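# Report on the structure
Chain by chain, the residues:
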Amino acid sequence: MKDNQFVIRLEQVSKSFGNKRVLDQVSFRVARGSAFCILGRSGTGKSVTLKLMIGLIRPEQGKIFIADQEITGLESRELPPVRKAVGFLFQSAALFDSISVGENVAFPLRRHTNKSEKEIQEYAHKKLEQVGLENEYDRLPADLSGGMRKRAALARALALDPPILLVDEPSAGLDPITSAEIDNLLLRLNSEKDTTLVVVTHNIPSARRIGDELLVLHEGHIIAQGTANELDQSEHKVVREFMRSIQAG
Amino acid sequence: MFEFISSQVVVGLAWAGEVSLFGLRAIREALRPPYEMRELIRQVYEVGWRSVPLITVAGFAVGIVMSMHSRSSLERFGAEAMIPTVLALSMVREIGPLVAALLVSGRVGAGIGAELGGMRVTEQIDALESLAVDSFKYLVVTRVMACVIVQPILTTVMSFTGIVGGYLAETVISGLSFRLYFDRAFSSMEFVDYIPATLKTMVFGFIIGTVSSYLGYNTKGGAEGVGRASTLSVVLTSILLIVTNVVLVKIIIFLFPEGLG
């Protein structure tokens, strides 16, 4: 494939926190319109990788490209145009807790579009409807369940219709049914809107459901990458353990 | 022991340097468009308008107490007639600015430290950045500016309610008329008493906004970190306000010696 078919590229990226090397010269590419899952045990740098992709943290070494634009050299004030093209669903949902769910979704529309107030509210309602929260516009995030908060955060992340969506642990803290609902929402986005998904997860059944391609991080390195079937055949001990948990899950 | 003290001094100086850079960044970003007017107005309301009840009640109480103390002192010299003048000058020059700043640092400083700290540990600041919003400009600059804008106004409210409180105490004790009280209160007051003392509170507002925003914005360590940011905001801003006040009073006396008269 040509480089321009890959909307995200990491080249030799390294990141440390204190003395701990979280990522060590990691390189991979994510194809446009694909669903890419990053797996690994806790503390292996999965969430760090996502945050690096929108410049929330900076690597010590290496280059990161989003849609052919290198973001590693950009100043803070140069990052917003890149970030408008990338939605981010946080593990904790990270909804603004002082404003209503609807206002959370309307927030990026107010900031970055020229829509009228009426259009913004209609659009925010539409986005909430897409995630099954059409009746929760006026509720505060604290009044929602964990799954509803995740869905509301997904609606906010999708408010600007970004072509890329980064998702951090979509099933963390959720029951299997709610987790499957979130997976289905992500799959629908990927198939209907051609949104490129990068999903960090521990949940192997979920990764198998969503991912066209899976990548396993271990101790700062990529130890396996491929389809779920290819990973099933891996001889690496850690990868095999992950695959067993697929069967168990 | 010496090594411990010197290492703590170095840590303190490093912290002061970081806060100063943070404050300078806030000034620089405040001058650079786009301006977050909507959020600034919201913060002026939160920091200013919502502090008015506290400032009013406190000013009133301070005025009454000041009047009672002044009376007990001035009575000895047969100078009760000076009570309105003494009270008005002390409220406007010193008590109003400093007490208003300390009250705002308690209410607003703790609030900013806790709010930004909470947003940091729950990833809401990262979420703002991910939505292509400059979180520093949106959260920090607006709060610092709001503190700078409202502090002189709150100080004026505090001084005025203090003078009114003094009048109530006086009229109950001596039956002094409203008109005579205010004639005496403002007879010796000039703009040089009011303007420098009130404008110095913009510096107080800057200290409250900067220190509490710095502590909140850089919070680490979950709920414990948020609590620490909130408490430290009050403690450090209070100390800094008192120390800075000494320096500012000296500068005002140097620049406006006629205000001493």
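Conventions and cut-offs
- Residues numbered from 1 in each chain as written.
- Chains lettered and ligands numbered in written order.
- Predicted model: local features only at pLDDT ≥ 70, side-chain atom pairs only at ≥ 80, totals over all residues.
- Core = buried A, V, L, I, M, F, W, Y, C linked by C-beta atoms within 7 Å.
- Buried ≥ 20, exposed ≤ 12 C-beta atoms within 10 Å, placed from the backbone.
- Helix = DSSP H or I, 4+ residues; strand = E, 2+ residues; numbered from the N terminus.
- Domains from an automatic or database assignment.
- Contact = placed C-beta atoms within 7 Å.
- Nonpolar A, V, L, I, M, F, W, Y, C, P; charged D, E, K, R; others polar.
- Pairing = 2+ DSSP bridges.
- Axes fitted to C-alpha atoms, helices over the stretch in contact; angles between N-to-C directions.
- Parallel < 35°, antiparallel > 145°, perpendicular 65-115°, else oblique.
- Left-handed = near helix turned anticlockwise from the far one by under 90°.

## A closer look at the nonpolar core
Judged by nonpolar contacts, the single largest core of 129 residues is most densely connected at Leu 166 and Val 198 of chain A. Considering each element in turn, this core owes the most residues, 18 residues, to helix H4 (residues 83-121) of chain B. There are two domains that each give this core at least three residues, and those are domain 1 (3-85 + 162-248) and domain 2 (96-157) of chain A. Excluding anything up to four places from it in sequence, Leu 166 of chain A contacts Leu 50, Met 53, Ile 54, Val 86, Gly 87, Phe 88 and Val 198 of chain A.

## Looking at the interface of chain B and chain A
Contacts between chain B and chain A engage 11 residues on the former and 16 residues on the latter. Of the residues that constitute the side of chain B that touches chain A, the class distribution is four nonpolar, three polar and four charged.

## Notes on the sheet that holds strand E3 (residues 35-40) of chain A
Strand pairing in a sheet relies on backbone hydrogen bonds, with the paired strands running either antiparallel or parallel. All names here are of chain A. On the basis of which strands lie adjacent, the open sheet formed by six strands has the order E6-E7-E8-E3-E9-E10 and mixed pairing. Here the strands that pair on one side only, and so sit at the sheet edges, are strand E6 (86-89) and strand E10 (221-226). Sheet twist, expressed as the average angle between the axes of neighbouring strands with direction ignored, equals 15°. Where E6 meets strand E7 (residues 164-168), four bridges bridge the pair, whose relative direction is parallel.

## Examining the packing of H4 of chain B against helix H8 (residues 191-217) of chain B
Residue and element names in this part refer to chain B. Interhelical geometry of H4 versus H8 gives an angle of 15° and a closest axis separation of 8 Å. Between H4 and H8, the crossing angle belongs to the class labelled roughly parallel. Both H4 and H8 take part in a crossing whose hand is right-handed. Looking at the contact of H4 with H8, its residues break down into 16 nonpolar, nine polar and five charged.

## Looking at the sheet that holds strand E4 (residues 61-66) of chain A
All names here are of chain A. Spatially, E2-E1-E4-E5 is the arrangement adopted by the four strands of the open sheet, whose pairing is antiparallel. The sheet terminates laterally at strand E2 (20-31) and strand E5 (69-70), the two strands that pair on one side only. Across five bridges, the pairing between strand E1 (residues 6-17) and E4 is antiparallel. Paired with Ser 14 across the strands is Gln 61, a residue of E4.

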